Amino acid sequence: MYISTSSVESRYILERFKYTEFTPIATDTSLGTTWTVELVAELTPTTFWATVWGNEIWNSSLGHLAYLTSSNYLNVGTPNGMDEYSLADNASVKSHWAFTHTDGGGIDVYRNGVLLTKAATGYVQRSPASNTLLFGSRHLNDGTGTTDPCPGVYYWTNISNTALDAAGVLSSYNSLKTTYGLP
């Protein structure tokens, strides 16, 4: 794993490897009020809730997370404030995912450069959590440790403190498409 960090952006580039047991990826980065979380992954959950990423403290209703409720349904938002997405392709299909949030706004979810349509809405703006973002898991309800893993191959991840617009997400997808064999 290669990790480089600057004050503006933390970038995590993960080489494909095979695991005998999945381990969530701790980023040492907390989401603020405006951000983009991106990943290229093949998600292969074995149980549901399967958390793709989480930076939350559930008991305090702080932070944000994204989790699969089945291989074709994704919930994204805050503790007790989620939007639901119906996925046309199973989550195990290798994809570029981008989750964008602006302070005071909602979360937009893109898959392979295309904005997904919400199947149900319920997002509620919350304050950021004080812990750090995990890929492949959320925190325990008190904001420590890990639980509800989402195994898979996480080829590439990126966290930034800006919210990409649709053109920025498409540009990111196009720059990764050939490298990771995306559709």
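Note: the structure precedes this text.
Residues numbered from 1 in each chain as written. Predicted model: local features only at pLDDT ≥ 70, side-chain atom pairs only at ≥ 80, totals over all residues. Heavy atoms only, no water.

Undergrad: Lay out the side chain of N75 in plain terms, naming residues and giving numbers.
TA: In this fold, N75 is placed in strand β7 (residues 73-78). Here N75 falls in the buried class, since its relative accessible area comes to 10%. Residue contacts for N75: discarding those within four places in its chain leaves L65, A66, Y67, T69, M82, D83 and E84. (Helix = DSSP H or I, 4+ residues; strand = E, 2+ residues; numbered from the N terminus. Buried < 20%, exposed > 50% of the residue type's maximum accessible area, 1.4 Å probe, protein only. Contact = heavy atoms within 4.5 Å.)

Undergrad: Give a description of helix α1 (residues 166-180) that names residues and reports values.
TA: Between the first and last C-alpha of α1 there are 20 Å, a value that for 15 residues agrees with the 21 Å anticipated at 1.5 Å per step. All of the buried residues along α1 are G168, V169, S172, Y173, L176 and Y180. Looking one or two residues past α1, G181 carries a phi angle of roughly 60°, positive in sign. (Expected span 1.5 Å × (residues − 1).)

Undergrad: So what's going on with the sheet that holds strand β6 (residues 62-70)? Which residues, and what values?
TA: Read from one edge of the open sheet, 7 strands run β3-β13-β5-β6-β7-β8-β12, paired in antiparallel fashion. Where the open sheet ends on each side, the last strands, each with one partner, are β3 (25-26) and β12 (118-120). (Pairing = 2+ DSSP bridges.)

Undergrad: Residues and numbers for the nonpolar core, please.
TA: With 29 residues, the main nonpolar core has W53, L74 and F99 as its most contacted residues. Going through the elements one at a time, β4 (35-43), β5 (50-57), β6, β7, β9 (95-101), β10 (107-111) and β14 (152-160) are the ones with two or more residues in this core. Of all hydrophobic cores here, the second largest spans 8 residues; its members include W156, Y173, Y180 and L182. (Core = buried A, V, L, I, M, F, W, Y, C linked by side-chain atoms within 4.5 Å.)

Undergrad: Can you lay out the packing of aromatic side chains for me, pointing to particular residues and giving the numbers?
TA: Applying the stated criterion to the full structure yields 6 aromatic pairs. On the basis of an interplanar angle of 80° and a centroid distance of 5.5 Å, the ring pair of W35 and W53 is categorised as edge-to-face. With W35 in strand β4 and W53 in strand β5, this residue pair connects regions lying 18 residues apart in the sequence. Here the two residues W35 and W53 agree in accessibility, since each one is buried. Where W49 meets W58, the ring centres are 5.4 Å apart and the plane angle is 65°; that geometry is what we call edge-to-face. W49 sits in the partly exposed class, given a relative accessible area of 27%. Accessibility expressed as a relative area gives 19% for W58, which makes it buried. The rings of W35, W53, W97 and F99 are connected pair by pair, giving a single aromatic cluster. Seen from the ring of W58, R138 lies directly overhead, with NZ or CZ sitting 5.7 Å from the centre. (Phe/Tyr/Trp six-rings, centres within 6.5 Å; stacked < 30°, edge-to-face > 60°. Lys NZ or Arg CZ within 6 Å of the ring centre and 35° of its normal.)

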